[in-house]
Amino acid sequence: MLERPIIQQRGFRNTADDTGVTGFQLLLRNPNYRGIAGSLVDGADVIVDGHPFPREAQRWTLQGRTFTLDELRASTDVRWQLDETATLTVDHPGGLSAGVHRIEAAVHLRRPYIPEVAGPSVFRSATTATIVPGREGTPHGLRYGVSLYSYSGDLYTSMTLQDAMADIADLGATGIEILGEGNIPGYPHPDPDWIDTWHRNLDRYGLTPTNYGSWVDTAMWRDRDLTAEEGRAQLERDLRLAKLLGFTSIRPKFGVVTPELDPHPVWQPAVERVLGLAADLGIVICPEIHSPTPIRHPVTQAYLDFIDRTGSDHFKLLIDTGIFQTAPVDDGHEGFEGKKRPAFLEPLAVPMSDLADVLPYVHFIQAKFFEIDDRLTDLHIPWHDILATLRTAGWQGWLSSEYEGRREPYRGRDQVRRQHALLRSLNGSTGPA
């Protein structure tokens, strides 16, 4: 599914050959109401950060074939269809810097049924888009992924699941995190054809299933809480489904009984009853340390005590980086209209020393964030300190983007790209995107 703007966020990257970085490319949607012959494309005026790039420095790729503008004008057997993007490659030695850029494009199309005196039709578009640094291996053992939660509001409205997978691959990430009940059609009994398509798309986009978000809804019945056995059944169902889809960890969100997110007491007996199954399936159960619960708190300590008591390698912690938030988030949050700022949007500012202490018990990190500005500055989360702590400890694992800011259309997709540009820039990645 194409993005509504002419300039697509997906596909904006630097280009390179054996000599180094040679330029950059854009994907453009056909702004016409019908597909047209390539000979009717009259070029595009492109301005990036106020700098114009002449049409002579451009190459057009349509239907897998690349042309100079003169070659495209002379072509007789290529089309720009409405459901296909054109790749516009611009010569610019050294490429564009990593980060957010202001792009303007004016696409010129000739219409064969309108008198020449009318001249070409011009379709103008302007946006910001982000160059993400390329992946040079996995610096410091960190691997980059994205949670589908980041695309809430866009997913299933302006983008399909395959679009999301394509976006994740396009920005150079390799991990995909899902919400079981949020992202699996027909949950908890998906159609076998959907499962086959899921695995085909994993292969197509080079993605690894990382963490599967699940729930143990202790208050799902109005007249009583779940029993330990019912909690076990919910965990077992999601463990088996996670395995079927290729995931290696699940995050069970147990119902809580206090504002500090103390989990319902059913969590311990329910988890203990499925530890053997988790080991058989090769899946790690990861309860989430989420604001307003800090690391030094009875909730976290109870999880650590459980790890020590059971000696299991299949129960570890998931850290949500919202606990390191240093400034309040005032944009509101869906479902809290008319109420004061929720506690989990207040700055908790957990110290990095606390993170270092528990990293041996941490299996997965949700890279929660709320807003990254045009200068690649995160307004709430101290990524420099977090990454430095992970590097010093030699922690290796997934950083999975979890955008939880405003939900205007396409904003999550843009913000995730910004976060990956920020994280990779801080973590020392270099090279073309």
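Cut-offs used in this document
- Residues numbered from 1 in each chain as written.
- Predicted model: local features only at pLDDT ≥ 70, side-chain atom pairs only at ≥ 80, totals over all residues.
- Heavy atoms only, no water.
- UniProt positions renumbered as here; feature names shortened; annotations may be inferred.
- Helix = DSSP H or I, 4+ residues; strand = E, 2+ residues; numbered from the N terminus.
- Patch = residues over 30% accessible without salt bridge, like charges linked within 9 Å, V, L, I, M, F, W, Y side chains within 5 Å.
- Areas by Shrake-Rupley, 256 points an atom, 1.4 Å probe, with all protein chains shown as cover.
- Salt bridge = Lys/Arg side-chain N within 4 Å of Asp/Glu carboxyl O.
- Expected span 1.5 Å × (residues − 1).
- Buried < 20%, exposed > 50% of the residue type's maximum accessible area, 1.4 Å probe, protein only.
- Contact = heavy atoms within 4.5 Å.
- Axes fitted to C-alpha atoms, helices over the stretch in contact; angles between N-to-C directions.
- Parallel < 35°, antiparallel > 145°, perpendicular 65-115°, else oblique.
- Left-handed = near helix turned anticlockwise from the far one by under 90°.
- Nonpolar A, V, L, I, M, F, W, Y, C, P; charged D, E, K, R; others polar.
- Pairing = 2+ DSSP bridges.
- Core = buried A, V, L, I, M, F, W, Y, C linked by side-chain atoms within 4.5 Å.
- Polar contact = N/O pair within 3.5 Å; in protein donor to acceptor, adjacent residues only side chain to side chain.

As recorded by an unreviewed UniProt entry, the chain carries the name C-deglycosylation enzyme beta subunit and is attributed to Streptomyces nogalater. The UniProt entry for the chain carries the following text under Sequence similarities (unreviewed entry): "Belongs to the C-glycoside deglycosidase beta subunit family."

*Asks:* Sorry if this is basic, but what is going on with the UniProt feature "domain: C-glycoside deglycosidase beta subunit" (unreviewed entry) in the chain here?
*Replies:* Those places that UniProt annotates as "domain: C-glycoside deglycosidase beta subunit" (unreviewed entry) correspond, in this numbering, to residues 2-113. Between the first and last C-alpha atoms of residues 2-113 the distance is 27 Å; the span itself is 5% helix and 56% strand.

*Asks:* Help me understand a nonpolar patch on the surface in this model?
*Replies:* Taken together, the side chains of Y33, Y113 and I114 present a nonpolar region at the surface, about 320 Å² in accessible area. By secondary structure assignment, the location of Y33 is in the loop between β2 (20-29) and β3 (36-37).

*Asks:* What am I meant to see in helix α5 (residues 228-245) here?
*Replies:* Since the α-helix turns once every 3.6 residues, residues separated by three or four places project in the same direction. Over its 18 residues, α5 runs 26 Å from end to end, which matches the ideal 26 Å to within 8%, given 1.5 Å per residue. Those residues of α5 lying buried are A228, G231, R232, Q234, L235, D238, L239, L241, A242 and L245. In this structure, the buried residues of α5 make contact with β13 (175-179), α4 (192-205), β14 (208-216), β15 (249-254), α6 (267-281) and β16 (284-285). One or two positions beyond α5, positive phi appears at G246, with a value near 95°.

*Asks:* Help me understand the packing of α5 against α6 in this model?
*Replies:* Each pair of packed helices can be described by the angle between their axes along with the distance between the axes. At a minimum axis distance of 8 Å, the contact between α5 and α6 shows a crossing angle of 20°. Of the possible angle classes, the one that applies to α5 and α6 is roughly parallel. Note on packing geometry: the crossing formed by α5 with α6 is right-handed. Along its contact with α5, which presents A228, E229, G231, R232, L235, E236, L239, R240 and K243, the element α6 presents P269, A270, V271, R273, V274, L277, A278 and L281. A breakdown of the residues in the contact of α5 with α6 according to their chemical character gives 10 nonpolar, 1 polar and 6 charged.

*Asks:* Would you mind showing me how to read the sheet that holds strand β7 (residues 65-68) here?
*Replies:* Across a sheet, strands are paired by hydrogen bonds formed along the backbone, either parallel or antiparallel in direction. With antiparallel pairing, the 5 strands of this open sheet are ordered in space as β1-β2-β9-β6-β7. The sheet terminates laterally at β1 (7-17) and β7, the two strands that pair on one side only. Averaged over all neighbouring strand pairs, the angle between strand axes comes to 25°, with direction disregarded. With 4 bridges connecting them, strand β6 (residues 58-62) and β7 associate as antiparallel partners. Looking at β7, one finds that T61 is bridged to T66.

*Asks:* Would you mind showing me how to read the nonpolar core here?
*Replies:* Most often, soluble globular proteins keep nonpolar side chains buried together rather than apart. If you look at the biggest cluster of nonpolar residues, it comprises 86 residues, and the most contacted ones within it are W198, I319 and L390. If one sorts the elements of this core by residue count, α6 sits on top with 8 residues. Ranked by size, the runner-up nonpolar core spans 31 residues in total, among them I6, I7, W60 and L88.

*Asks:* Is there a simple way to think about the pairing of β6 in this case?
*Replies:* Regular strands have side chains that alternate between both faces of the sheet. A large share of β6 lies buried, amounting to 4 of its 5 residues. In terms of strand pairing, β6 meets strand β9 (residues 85-91) through 4 bridges, oriented antiparallel. Bridging from a neighbouring strand, W60 pairs with L88 of β9.

*Asks:* Looking at this model, I keep getting lost on the side chain of T218. Mind explaining?
*Replies:* Here T218 is to be found in the loop between β14 and α5. In this view, T218 contacts R224, D225, L226, G255, H264 and V266; residues no more than four positions away in its chain are not counted.

*Asks:* Would you take a moment to explain the pairing of β13 for this structure?
*Replies:* Where burial is concerned, most of β13 is hidden: 5 out of the 5 residues are buried. Side chains G175, E177 and L179 project from β13 onto one buried face, and the interleaved I176 and I178 project onto a second face that is buried too. Strand direction decides the pairing type here: strand β12 (residues 142-147) and β13, joined by 3 bridges, are parallel. Opposite S147, over in β13, you have E177 as the bridge partner. Across 4 bridges, the pairing between β13 and β14 is parallel. In the strand pairing of β14, I176 is matched with P209.

*Asks:* Would you take a moment to explain the side chain of D163 for this structure?
*Replies:* Its location among the elements puts D163 in helix α2 (residues 161-170). Of the residues examined, D163 reaches a relative accessible area of 5% and is grouped as buried. One polar contact links the side chain of D163 to the main-chain amide nitrogen of T160, over a distance of 2.8 Å. Contacts of D163, omitting those with residues within four sequence positions, involve M1, R10 and S158.

*Asks:* Just to check I follow, could you spell out the environment of Q25 for this structure?
*Replies:* Residue position: Q25 is located in strand β2. Judged by relative accessible area, which is 15%, Q25 ranks as buried. Residues in contact with Q25, not counting those within four places in the same chain, are G11, F12, R13, T15, T87, L88 and T89. Here the side chain of Q25 touches G11 through a polar contact of 3.4 Å, landing on its backbone oxygen.

*Asks:* Please explain the sheet that holds strand β5 (residues 51-53) as it appears in this structure.
*Replies:* The strand order across the open sheet formed by 4 strands is β5-β4-β10-β11, and the pairing between neighbours is antiparallel. Both edges of this open sheet fall to β5 and β11 (121-131), since each of them pairs with a single strand only. On average, each strand axis in the sheet is tilted by 20° relative to the strand beside it, whichever way the strands run. In terms of strand pairing, strand β10 (residues 99-109) meets β11 through 11 bridges, oriented antiparallel. Note on β11: the bridge partner recorded for L109 is S121. Contacts from helix α10 (residues 411-426) reach β10 and β11 within the one sheet, and its direction differs from that of β11 by about 45°.

*Asks:* What am I meant to see in unusual backbone geometry here?
*Replies:* Negative phi values dominate among residues other than glycine, just as trans dominates among peptide bonds. Following Y187, the chain continues to P188 via a peptide bond in cis, the omega torsion being 0°. The amide bond that connects S291 to the next residue, P292, takes the cis arrangement and shows omega of 15°. For P292, the position within the fold is in the loop between β17 (288-289) and α7 (298-310). Of note in the backbone geometry, A349 takes a positive phi value of approximately 50° without being a glycine. Unusually for a residue other than glycine, L376 sits at a positive phi of about 60°. Within the element layout of this structure, L376 appears in the loop between β19 (362-369) and α9 (383-393). Relative accessible area serves as the criterion here: at 13%, L376 is assigned to the buried category.

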